[in-house]
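# Chain and residue survey
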Amino acid sequence: MSRPELAVAVAGLSFTYPGRPTPVLGGLDLEVAVGERVAVLGANGSGKTTFALHLNGLLELQSGRIEIHGRPLAPDTLRGIRCEVGLVFQDPDDQLFMGTVREDVAFGPANLGVARDELEAVARHGLARVGAESLIDRAPHHLSEGEKRRVAIASVLAMQPRLLVLDEPTSGLDPAGTRELAELLPTLQDTQIIVTHDLPFALAACDRAVILAEGHVVADGPIEKIIGATELLARHRLELPFGYPPPA
């Protein structure tokens, strides 16, 4: 059987923040095939966000190797890889800064050189993919958290990335907003890496899960198997909400 095409191949990724005595990532290895939706789980401080920020070069590579669709992440490939990897930040207010939703979604494509007369269609298409086209004339700071999240995702999708990376996408969402996001992500048909500590959300949105601890992958498998392993979760300070039954 042929090997699946890889969207992400990470080998020996290590990273230490200035002034910290120990590395946040200590030789992380991970492969993600094209079309997979993978949940990256772990306690606070396990290296989840640091890993995510490496995937489009927001953190400079210190040690190890990252390949995106077979291309090594390096200074001469950084611009192209940033076009392929769309990162949705934990706080959508870090991503939305223009006066209207239209301007926010069109900002990235405009900076890539998309013609002015094409930006309206690009913005509408991005918003339509997340069911938010009706928000196009709204001011981002007047939106609900769930609406902001959709617009932030649309602003990334407008760049036409091949890989979507979401950092704690349910942060600040109410239960209905979380459910709507879990229903939305599988419809986008992009390779997705979803950093989260929200286990029910991960179960609803992803097919595979990995657990990080001390900057290493310590578990990797089908999401039902990972989330159903209550002792494994407990060892890494992860647990389902009280009363939520483990997957069968």
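### Describing the packing of helix H3 (residues 101–111) against helix H4 (residues 116–129)
At their nearest, the axes of H3 and H4 sit 9 Å apart, and the two run at 110° to each other. In terms of orientation, H3 lies roughly perpendicular with respect to H4. H4 is crossed by H3, and the crossing has right-handed handedness. Taken together, the residues of H4 that come into contact with H3 (itself represented by Val 101, Arg 102, Val 105, Ala 106, Pro 109 and Ala 110) are Leu 119, Glu 120, Val 122, Ala 123, Arg 124 and Leu 127.

### What to know about the nonpolar core
Counting 46 residues, the largest nonpolar core has Leu 41, Val 105, Leu 127, Val 151, Ile 153, Leu 185 and Ile 211 as the members making the most contacts within it. For this core, the element with the most residues is helix H5 (residues 145–157), which contributes 6 residues. Ranked by size, the runner-up nonpolar core spans 28 residues in total, among them Val 8, Ala 52, Ile 68 and Val 210.

### Section: the sheet that holds strand S1 (residues 6–15)
Taken in spatial order, the 4 strands of this open sheet run S2-S1-S4-S5, and their pairing is antiparallel. Looking at which strands have only one partner, the edges of the open sheet turn out to be strand S2 (25–33) and strand S5 (71–72). Pairing analysis gives 2 bridges linking strand S4 (residues 63–68) to S5, with the strands arranged antiparallel. Following the sheet pairing, Ile 68 is matched in S5 by Arg 71.

### Remarks on the sheet that holds strand S8 (residues 191–195)
Taken together, 6 strands build an open sheet; the order of strands is S6-S7-S8-S3-S9-S10 and the sheet is mixed. Here the strands that pair on one side only, and so sit at the sheet edges, are strand S6 (85–88) and strand S10 (216–222). For this sheet, the mean angle separating the axes of adjacent strands, direction not counted, is 20°. In terms of strand pairing, strand S9 (residues 208–213) meets S10 through 6 bridges, oriented antiparallel. Across the sheet, residue Ala 213 finds its bridge partner in S10, namely His 216. Across the face of the sheet, H5 comes into contact with S6 and strand S7 (163–167) while running at roughly 165° to S6.

### As for H3
Within the span of H3, buried status applies to Val 101, Asp 104, Val 105, Ala 106, Gly 108 and Pro 109. Its buried side turned inward, H3 meets H4 and H5. Looking at the residues trailing H3, positive phi occurs at Gly 113, about 100°.

Cut-off values and rules
Residues numbered from 1 in each chain as written. Predicted model: local features only at pLDDT ≥ 70, side-chain atom pairs only at ≥ 80, totals over all residues. Heavy atoms only, no water. Axes fitted to C-alpha atoms, helices over the stretch in contact; angles between N-to-C directions. Helix = DSSP H or I, 4+ residues; strand = E, 2+ residues; numbered from the N terminus. Parallel < 35°, antiparallel > 145°, perpendicular 65-115°, else oblique. Left-handed = near helix turned anticlockwise from the far one by under 90°. Contact = heavy atoms within 4.5 Å. Core = buried A, V, L, I, M, F, W, Y, C linked by side-chain atoms within 4.5 Å. Buried < 20%, exposed > 50% of the residue type's maximum accessible area, 1.4 Å probe, protein only. Pairing = 2+ DSSP bridges.

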